[in-house]
Amino acid sequence: KLLFICGLCWMADAMEAMLLAFLSTSLECEWDLEKWEVALISSVVFVGMLLGSYCWGIFSDKYGRRIGYTATSAFTGLFGLLSAFSPNYIFVLLSRFLVGFGLGGAPVAFSLFSEYVPTAKRGFYLLIFELFWTVGTLLEAGLAWMLLPPLGWRWLLGASALPSLVLALLFPVIPESARFLVVAGKKDRAIRELRRISRQNAISLPRGELVDKSSNQARGKIKDMFRAPFTKTTFLLWFCWFGSAFVYYGLVLLTTGMSDAVCELPLSPSG
């Protein structure tokens with residue numbers, strides 16, 4: 001259940017990312033935008049993600065993965081739907097920036113899932129988790145194929161925002177990370193959460209006590225990533241993520257622009 005709940009958040013994130021390729025070209029045709037204006041539509045989303053990643057990370061460390069998951073989903077869905085009613089170019093930029101800010105918190109779902117997966121199987125299940133991203137990109141491409149020609153980009157934006165809004169309604173069934181609760185010094189709540197999960201799975205908790213070995217330690221800070229022994233790992237991960245994102249998003253955003261006939265798609269009067 002947790003894989004499905006968290007995977008849906010990853011899928012919704014992928015849909016909004018893939019949407020950029022279709023939105024930019026559609027607005028370029030309808031509003032006769034300059035190339036730099038088209039590029040700015042995608043750029044503001046990533047600027048929002050840059051800021052959102054930092055803010056939502058702090059938020060989820062303070063208030064929990066469960067609330068962070070719900071808040072980011074609701075934020076992304078709300079402004080994603082609002083962008084479908086954009087009256088002009090400036091409104092599109094602002095609303096898509098806020099969508100990007102919400103998307104910056106999507107990795108909270110990744111954290112929630114990974115903190116429940118046993119270390120012996122973590123690599124396998126996190127790879128399975130990534131399949132939801134592929135599903136999201138395929139779903140978005142299918143939506144664009146079905147909605148763009150007959151209805152226009154506004155309908156595509158609205159349909160793409162619906163999964164995030166639905167995810168916000170899952171709050172009652174989302175478990176809180178027991179690891180987060182322990183680290184936050186809330187061991188009693190962690191035990192209650194584990195007991196609730198054990199009842200749902202019809203198994204008994206192991207005998208013994210939940211030992212807290214980390215809550216007495218100082219909480220981590222951003223600057224700790226640049227101190228030994230994490231300095232090398234930090235820069236290696238940054239390099240890997242930079243390369244992956246540069247190639248992936250470069251190809252995704254380039255795909256729809258490779259066709260000279262993109263502006264020949266029939267659009268409705270309302271866009």
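Residues numbered from 1 in each chain as written. Predicted model: local features only at pLDDT ≥ 70, side-chain atom pairs only at ≥ 80, totals over all residues. Heavy atoms only, no water.

Bringing the state of the cysteines into the picture now. Every disulfide links exactly two cysteines, by a covalent bond between their sulfur atoms. Evaluation of the coordinates by the stated rule reveals 0 disulfides. The thiol of Cys-6 is not disulfide-bonded; the next cysteine sulfur, from Cys-9, is found 7.6 Å away. The cysteine Cys-55 is free of any disulfide, with Cys-9 supplying the nearest cysteine sulfur at 17 Å. (Disulfide = S-S within 2.5 Å.)

A few words on the environment of Gly-52. By the element assignment, Gly-52 lies in helix H2 (residues 35–63). Of the residues examined, Gly-52 reaches a relative accessible area of 0% and is grouped as buried. In the structure, Gly-52 is positioned 48 residues away from Gly-100 in sequence and 7.3 Å away in space, judged by C-alpha atoms. (Helix = DSSP H or I, 4+ residues; strand = E, 2+ residues; numbered from the N terminus. Buried < 20%, exposed > 50% of the residue type's maximum accessible area, 1.4 Å probe, protein only.)

Considering all chains together, one arrives at 6 salt bridges under this definition. Two residues, Arg-65 and Asp-61, come together in a salt bridge whose shortest N-O distance is 2.7 Å. Across the pair Arg-227 and Asp-224 runs a salt bridge whose closest N-O atoms are separated by 3.3 Å. In this structure Arg-227 comes out as partly exposed when scored by relative accessible area, which is 44%. Through salt bridges with shared partners, one network takes in Asp-61, Arg-65 and Glu-115. (Salt bridge = Lys/Arg side-chain N within 4 Å of Asp/Glu carboxyl O.)

Under the defined criterion, the tally for this structure stands at 20 aromatic pairs. Geometrically, the ring pair formed by Trp-10 and Phe-129 is tilted, given 5.5 Å between the ring centres and 45° between the ring planes. Of this pair, Trp-10 sits in helix H1 (residues 2–31) while Phe-129 sits in helix H6 (residues 122–151), and the two are 119 residues apart along the sequence. The class for Trp-10 is buried, based on a relative accessible area of 10%. (Phe/Tyr/Trp six-rings, centres within 6.5 Å; stacked < 30°, edge-to-face > 60°.)

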